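Observations on chain architecture
This is what each chain is made of:
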Amino acid sequence: MTDSGSVIDWLLDSDPSIRWQVMRDLIDAPEPEWAAERAKVETEGWGARLLSYQDEDGQWAGGSFVPADFDPCEWQERGQPWTATTFSLSQLREFGLDPASDRAKRTVELIGANSRWDEGGQPYWEGEVEECINGRTVADGAYFGADVSSIVDRLVGERLADGGWNCERLKGSVRSSFASTINVLEGLLEYEKVAGTPESQKARRSGEEYLLERNLFRRLGTGEPADERFLRFLHPNRWRYDVLRALDYFRFSAMLTGADPDPRLGEAIGHVRSRRLENGTWPLDWSLTGRVWFEVDDGQGQPSRWVTLRAMRVLRWWES
């Protein structure tokens with residue numbers, strides 16, 4: 001498995017959630033073909049399995065951010081649990097569950113009626129208080145057709161002076177973080193596809209500039225890597241940041257706006273190229289601890305279809 005054709009065959013020999021994206025993003029299959037494959041996400045593989053764990057009230061694990069049976073000791077001893085509604089919705093969005101499907105529409109309605117945030121009891125589609133959480137809620141809501149305009153307005157107003165966002169703002173932070181910023185950017189981009197405003201577009205451009213000024217991973221003052229983990233590939237990212245996640249975002253952003261790739265992405269692109277294995281795939285460098293419904297990768301250090309899909313479509317975009 002050393003040439004791109006063999007790697008693509010390996011990717012296609014997988015779950016529908018990966019296959020349809022390979023067909024669309026890597027081999028330019030006609031839309032009716034990849035759309036038919038995408039439809040299988042609801043009824044086969046990981047998508048169907050995740051939907052099977054959904055509660056009757058539309059939630060997962062009985063809670064919005066943490067499971068109903070959550071004990072704080074679990075977070076300390078085993079890591080943050082990832083089975084509640086917010087993370088399950090984000091994973092279905094990554095899988096590509098068709099938002100026009102009856103199942104997706106019903107899910108949005110049920111969550112709106114029944115789910116409340118653990119932090120303050122707010123209705124789910126009105127958002128929480130942290131920028132990271134609200135960014136992902138906007139992304140999920142915009143993708144699945146919920147009205148998240150009030151959260152967008154709040155995020156626009158919470159932008160910091162350096163152009164990005166930080167979940168520690170309420171604790172006094174005045175500097176943006178890479179992780180908070182990418183979560184908000186992904187949300188604003190998804191929102192822009194359906195209902196962007198001049199204010200949200202301006203905020204998104206400033207958040208992009210925050211990352212670009214830092215070449216996606218460097219400190220602005222010293223030029224040193226802000227966090228070595230930003231250069232290690234993670235999946236699922238949940239709220240965490242790495243340069244491949246950022247590059248995939250910039251790819252989607254360019255597809256929406258028609259913009260050319262920014263040259264400041266070049267260093268991160270070079271890093272992605274350097275991490276390709278001899279067999280043509282990319283590895284999963286690390287994964288987050290904590291309770292999950294099921295695994296979607298073969299383990300740390302092993303070739304990852306998800307990481308490889310991202311890397312290949314980013315490089316294809318850059319090189320074209």
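Residues numbered from 1 in each chain as written. Predicted model: local features only at pLDDT ≥ 70, side-chain atom pairs only at ≥ 80, totals over all residues. Heavy atoms only, no water.

By the naming in an unreviewed UniProt entry, the chain is Squalene cyclase, taken from Rhizobium sullae.

**Overview of the layout of surface pockets**
The computed volume of the largest pocket comes to approximately 780 Å³. Along the walls of the largest pocket sit 31 residues, with Arg93, Glu94, Glu190, Phe252 and Arg313 positioned nearest its centre. Every element with two or more residues in the lining of the largest pocket is listed here: helix H2 (16–25), helix H3 (31–39), helix H6 (85–95), helix H8 (131–144), helix H10 (178–195), helix H12 (243–257) and helix H14 (305–319). Class assignment for the residues of the lining of the largest pocket results in 12 nonpolar, six polar and 13 charged. Of the volumes computed, that of the second largest pocket is approximately 470 Å³. In terms of lining residues, the second largest pocket is bounded by 19 residues, among which Ser176, Ser177, Phe178, Tyr210 and Arg219 are the most central. (1 Å grid on protein atoms, 1.4 Å probe; cavity = no way out; pocket = protein on both sides within 12 Å on 5 of 7 lines; lining within 4 Å. Points joined across faces, edges and corners; volume = space filled by probe spheres on them. Helix = DSSP H or I, 4+ residues; strand = E, 2+ residues; numbered from the N terminus. Nonpolar A, V, L, I, M, F, W, Y, C, P; charged D, E, K, R; others polar.)

**Re the nonpolar core**
Of all hydrophobic cores here, the largest spans 87 residues; its most connected members are Leu211, Leu216 and Tyr241. Sequence-distant contacts of leucine 216, that is, excluding residues within four places in its chain, are made with Phe178, Leu211, Tyr241, Val243, Ala246, Leu247, Phe250, Leu265 and Ala268. (Core = buried A, V, L, I, M, F, W, Y, C linked by side-chain atoms within 4.5 Å. Buried < 20%, exposed > 50% of the residue type's maximum accessible area, 1.4 Å probe, protein only. Contact = heavy atoms within 4.5 Å.)

**Let's talk about the packing of aromatic side chains**
Taken as a whole, this structure holds 18 aromatic pairs when the rule is applied. Note on tryptophan 82 and phenylalanine 87: the rings are 4.9 Å apart at their centroids and 90° apart in plane angle, and the pair reads as edge-to-face. A residue is classified by how much of its surface remains accessible, and tryptophan 82, at 4% relative accessible area, is buried. When the ring centre of phenylalanine 252 is taken as reference, the NZ or CZ atom of lysine 193 above it lies at 5.6 Å. (Phe/Tyr/Trp six-rings, centres within 6.5 Å; stacked < 30°, edge-to-face > 60°. Lys NZ or Arg CZ within 6 Å of the ring centre and 35° of its normal.)

**Quick notes on the side chain of glutamate 186**
By the element assignment, glutamate 186 lies in helix H10. Using a relative accessible area of 18% as the deciding quantity, one classes glutamate 186 as buried. Each residue touching glutamate 186, except ones within four places of it in the same chain, is listed here: Ala139, Arg245 and Tyr249.

**Some remarks on the packing of H2 against H3**
Where H2 contacts H3, the two axes come as close as 8 Å, and the packing angle between them is 165°. Classed by the angle they form, the pair H2 and H3 counts as roughly antiparallel. As for the relative orientation of H2 and H3, their crossing is left-handed in sense. Contacts from Pro16, Arg19, Trp20, Met23 and Arg24 of H2 reach H3 at Glu33, Trp34, Glu37 and Arg38. Looking at the contact of H2 with H3, its residues break down into four nonpolar, no polar and five charged. (Axes fitted to C-alpha atoms, helices over the stretch in contact; angles between N-to-C directions. Parallel < 35°, antiparallel > 145°, perpendicular 65-115°, else oblique. Left-handed = near helix turned anticlockwise from the far one by under 90°.)

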